[in-house]
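Per-entry structural report
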Amino acid sequence: MASTYSAIVCPHCGCCATEDYYYSTDETLIWCYRCGYSYQKTIDHWKDENTPVFQENEYKGHVSKTE
C-alpha cells in the first residue's frame with residue numbers, strides 16, 4: 001500500500017499525533033499517545049467498481065486535568 005506517515009497536531013489535545021494516510025485509497029488513521037485520541041477512515045465496501053463507501057470511527061480520548 002502507498003502511504004505517508006506524518007506528525008500532526010492532535011485534533012483533541014493539541015499535542016503531537018501520528019497520521020498514516022493511504023493516498024492511493026484516501027484512507028486515514030490518526031492516533032495520539034498522549035490523550036488516546038484515534039480516528040479511522042477506512043473503506044467499508046464499494047458502491048460500484050470505482051466508488052468506495054467509507055466508514056469513519058473516532059474516539060475522543062482524554063486530557064489530563066493537571067494542565
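Residues numbered from 1 in each chain as written. Predicted model: local features only at pLDDT ≥ 70, side-chain atom pairs only at ≥ 80, totals over all residues. Heavy atoms only, no water.

With respect to the helices, strands and loops of the structure, glutamate 27 is situated in strand E3 (residues 27-31). Lysine 41 provides the closest opposite charge to the buried, salt-bridge-free glutamate 27, at an N-O distance of 9.5 Å. Of note is the side chain of glutamate 27, whose polar atom sits 2.7 Å from the side chain of threonine 25. (Helix = DSSP H or I, 4+ residues; strand = E, 2+ residues; numbered from the N terminus. Buried < 20%, exposed > 50% of the residue type's maximum accessible area, 1.4 Å probe, protein only. Lys, Arg positive; Asp, Glu negative; His and termini not counted. Salt bridge = Lys/Arg side-chain N within 4 Å of Asp/Glu carboxyl O. Polar contact = N/O pair within 3.5 Å; in protein donor to acceptor, adjacent residues only side chain to side chain.)

As a further point, take unusual backbone geometry. Unusually for a residue other than glycine, aspartate 26 sits at a positive phi of about 65°. Relative to the elements of secondary structure, aspartate 26 occurs in the loop between strand E2 (16-22) and E3.

Cysteine pairs can be linked by a disulfide, which is a covalent bond between their two sulfur atoms. With the rule as written, the count across this model stands at zero disulfides. The cysteine cysteine 13 is free of any disulfide, with cysteine 32 supplying the nearest cysteine sulfur at 3.8 Å. Cysteine cysteine 15 remains unbridged, with the sulfur of cysteine 13 as its closest cysteine sulfur at 4.6 Å. (Disulfide = S-S within 2.5 Å.)

Here we take up the pattern of salt bridges. Using the criterion set out here, one finds two salt bridges in the structure. Of the charged contacts in the structure, one is a salt bridge between lysine 41 and aspartate 26, with a shortest N-O distance of 3.1 Å. Taken together, the residues lysine 41 in strand E4 (residues 38-48) and aspartate 26 in the loop between E2 and E3 connect sequence positions 15 residues apart. Ionic pairing is found between glutamate 58 and lysine 60, a salt bridge with its closest N-O pair at 3.6 Å.

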